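# Topology and contacts: notes
Chain residues, written in single-letter form:
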Amino acid sequence: MSIDKRITEDLVSKGIGFVTTVPCKQLAGVIDEIDRHPEIKHVPSNKEDEGMGLCAGAWMGGMRPAIIMQNTALGVTLNTLATLTQFYRMPLPMLISYRGELREPVACQVEMALHTKALLAQMLIPTYHFHKQADVEELPMILDHAFMSNKPVAILTDANFWGGYGDQ
Amino acid sequence: MTIPRDKALTALIPHVTRGDIVVAVYQTCFDWLALNPRDLNYVAVGAMGQASSHGLGLTLANPDRRVFVLDGDGSLLMNLGSLVTIAGAGASNLYHFVFANRVYEVNGLQPLPGREALDFAGLARAAGYAGAEAFSDLNDFEDNLDAILDRPGPQLAELQIVPGAPYPQRYDYIHSSEARETFRRALNG
């Protein structure tokens, strides 16, 4: 099973029926898989904080949500994470492409990579880092953890996890 | 009907005079740099969606120059409020071209949300732009360019585009201090 399909099936197996996405090259395959899955309502967002608002609504409306985004957007979502997701104790699995790490071809991506883990730590957001594809074994447990604790959790997936950028 | 991006950019070249500032982002930027390298090309790729705001800042700081913003549709959707800010600022020297291919091209070709109904020219008019038009035919765009640029801004032209000839993604130049220094020297020299 491809890694994209595996992730999608894990989301479905944990009852996640609503996923919003803001694309990244690394995430193209899993976004396609999610879009095709009949048990997931997929709504692309224009911005990541918009997506978190959607997830809050979906959760309050009775669905289990998740967001798929790039780490570079973390900075613009901090207020939404603090005053919406965390303040109202909402679970939110965040599958995040960890741009700017080893194998990164675009230099400006490195700047937010330097801040990513520090920001997540400052926000007290449980953070997991997938570096090898075998790390995906932990995904179901991480999803359980998010919905048990009613917290946002971050799953950082780096270039090694996705197999590079297709040109290396 | 659609317009190859490089053809739309080539049509713009004779209308860009020596003192004009051009702000371009993502693939449109790479194509523009290859087709029309010039010192007053302003390059900034990183914080997605900021082209229109960069353009307004440059416009306000340089009221005697025209500023051309060559924006992406996915980019503008991340900063849609800037349409209202630009209109409210009365940026009469700003000309905003939205290259609308309805996908996130550099991120994996995912479709834009609501792409079937998206009407950037309509959004710009509603935000208070002095004028806004949409083009899906190259000849039509070429025939109207003089008239658009004769009118005071802010003006928006939405171009229904498809990728044209491929040009290299020169991130090394865009990220270089040389690019910024060249721009500053040309602006102040």
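Structure first, text after, so check above.
We now turn to the structure provided with this report. Model, not experiment: these values are computed from the prediction.

This next bit is on the sheet that holds strand E2 (residues 41-44) of chain A. Pairing between the strands of a sheet comes from backbone hydrogen bonds, and it takes one of two forms, parallel or antiparallel. Residues and elements named next belong to chain A. Read from one edge of the open sheet, 6 strands run E2-E1-E3-E4-E6-E5, paired in parallel fashion. The open sheet terminates on both sides in strands that have one partner only, identified here as E2 and strand E5 (127-130). The average angle at which neighbouring strand axes cross in this sheet is 20°, direction not considered. Packed onto the sheet, helix H6 (residues 139-149) meets strand E1 (16-21), strand E3 (64-70), strand E4 (92-97), E5 and strand E6 (152-157) and runs at close to 155° relative to E6.

A word on the side chain of Thr-28 of chain B. Residue and element names in this part refer to chain B. You can see Thr-28 is positioned in helix H2 (residues 26-35). The buried category is assigned to Thr-28, whose relative accessible area is 4%. Each residue touching Thr-28, except ones within four places of it in the same chain, is listed here: Arg-5, Leu-9, Leu-70 and Phe-99.

Residues and elements named next belong to chain A. With respect to the secondary-structure elements, Ala-113 resides in helix H5 (residues 109-122). Remark: the alpha-carbon pair of Ala-113 and Arg-36, spanning 77 residues in sequence, is separated by 30 Å. Here Ala-113 is in contact with Asn-71, Tyr-98, Arg-99, Gly-100 and Glu-101, once residues within four sequence places are set aside.

Below, the discussion takes up the packing of aromatic side chains. Applying the stated criterion across every chain yields a total of 10 aromatic pairs over all chains. Between Phe-161 of chain A and Trp-162 of chain A the ring centres are 5.0 Å apart and the planes differ by 85°, which places this aromatic pair in the edge-to-face class. When its relative accessible area of 0% is taken as the criterion, Phe-161 of chain A is described as buried. Residue classification places Trp-162 of chain A among the buried residues on the basis of a relative accessible area of 13%. Between Tyr-42 of chain B and Phe-183 of chain B, the aromatic rings sit 5.3 Å apart at their centres with planes inclined by 75°, giving edge-to-face as the arrangement. A residue pair is termed long-range when its members are at least 10 positions apart, and Tyr-42 of chain B in strand E3 (residues 41-43) and Phe-183 of chain B in helix H9 (residues 177-188) qualify at 141 residues. The exposure class of Phe-183 of chain B is buried, given its relative accessible area of 7%. What links up through ring pairs into an aromatic cluster is the set Phe-68, Tyr-95, Phe-97, Phe-135 and Phe-141 of chain B. Directly above the aromatic system of Phe-147 of chain A lies the positively charged group of Arg-64 of chain A, at a separation of 4.0 Å from the ring centroid.

This part is about the packing of helix H5 (residues 81-88) of chain B against helix H6 (residues 120-127) of chain B. Residues and elements named next belong to chain B. Interaxial distance between H5 and H6 falls to 8 Å at its minimum, and their mutual angle equals 45°. Our classification of the angle between H5 and H6 gives oblique. Crossing hand, H5 versus H6: right-handed. Together, Leu-83, Val-84 and Ala-87 of H5 and Leu-123, Ala-124 and Ala-127 of H6 make up the contact between the two elements. For the contact of H5 with H6, the per-class residue count stands at 6 nonpolar, no polar and no charged.

The next point concerns the nonpolar core. The biggest cluster of nonpolar side chains holds 61 residues, and the ones touching the most others in it are Leu-70, Phe-97 and Phe-141 of chain B. Leu-70 of chain B has contacts with Leu-9, Leu-12, Val-22, Val-23, Ala-24, Val-25, Thr-28, Trp-32, Phe-97 and Phe-99 of chain B, leaving out every residue within four places of it along the chain. Judged by nonpolar contacts, the second largest core, of 26 residues, contains Cys-24, Ala-66, Leu-95 and Ala-146 of chain A.

Attention shifts here to empty space enclosed by the protein. Residues and elements named next belong to chain B. Throughout the structure, instances matching the rule amount to 3 cavities of 30 Å³ or more. In this model, the largest cavity occupies a volume close to 200 Å³. Lining the largest cavity are 19 residues, with Tyr-26, Gly-72, Asp-73, Val-103 and Glu-105 sitting closest to its centre. Only H2, strand E4 (67-72), helix H4 (73-77) and strand E6 (103-104) provide two or more residues apiece to the lining of the largest cavity. For the lining of the largest cavity, a count of residues per class yields 8 nonpolar, 7 polar and 4 charged.

Take the layout of surface pockets next. Over the atoms rolls a probe the size of a water molecule, and in doing so it shows where empty space is left. The volume enclosed by the largest pocket comes to roughly 800 Å³. Lining the largest pocket are 31 residues, and of these Gln-70 and Thr-72 of chain A together with Tyr-26, Gly-46 and Met-48 of chain B lie nearest its centre. Looking at the lining of the largest pocket element by element, the count peaks at 3 residues for H5 of chain A. Tallied by class, the residues present in the lining of the largest pocket amount to 17 nonpolar, 7 polar and 7 charged.

Another point: the pattern of salt bridges. Overall, the coordinates contain 14 salt bridges over all chains when judged by the stated rule. In this structure, Glu-116 of chain B engages Arg-115 of chain B in a salt bridge whose closest nitrogen and oxygen atoms are separated by 3.9 Å. In this structure Glu-116 of chain B comes out as exposed when scored by relative accessible area, which is 74%. We classify Arg-115 of chain B as partly exposed; its relative accessible area is 31%. A single salt-bridge network, built from bridges that share partners, covers Lys-5, Glu-33 and Arg-36 of chain A.

What counts, and at which threshold
Residues numbered from 1 in each chain as written. Chains lettered and ligands numbered in written order. Predicted model: local features only at pLDDT ≥ 70, side-chain atom pairs only at ≥ 80, totals over all residues. Heavy atoms only, no water. Pairing = 2+ DSSP bridges. Helix = DSSP H or I, 4+ residues; strand = E, 2+ residues; numbered from the N terminus. Axes fitted to C-alpha atoms, helices over the stretch in contact; angles between N-to-C directions. Contact = heavy atoms within 4.5 Å. Buried < 20%, exposed > 50% of the residue type's maximum accessible area, 1.4 Å probe, protein only. Phe/Tyr/Trp six-rings, centres within 6.5 Å; stacked < 30°, edge-to-face > 60°. Lys NZ or Arg CZ within 6 Å of the ring centre and 35° of its normal. Parallel < 35°, antiparallel > 145°, perpendicular 65-115°, else oblique. Left-handed = near helix turned anticlockwise from the far one by under 90°. Nonpolar A, V, L, I, M, F, W, Y, C, P; charged D, E, K, R; others polar. Core = buried A, V, L, I, M, F, W, Y, C linked by side-chain atoms within 4.5 Å. 1 Å grid on protein atoms, 1.4 Å probe; cavity = no way out; pocket = protein on both sides within 12 Å on 5 of 7 lines; lining within 4 Å. Points joined across faces, edges and corners; volume = space filled by probe spheres on them. Salt bridge = Lys/Arg side-chain N within 4 Å of Asp/Glu carboxyl O.

Purely geometric numbers; function is a separate question.
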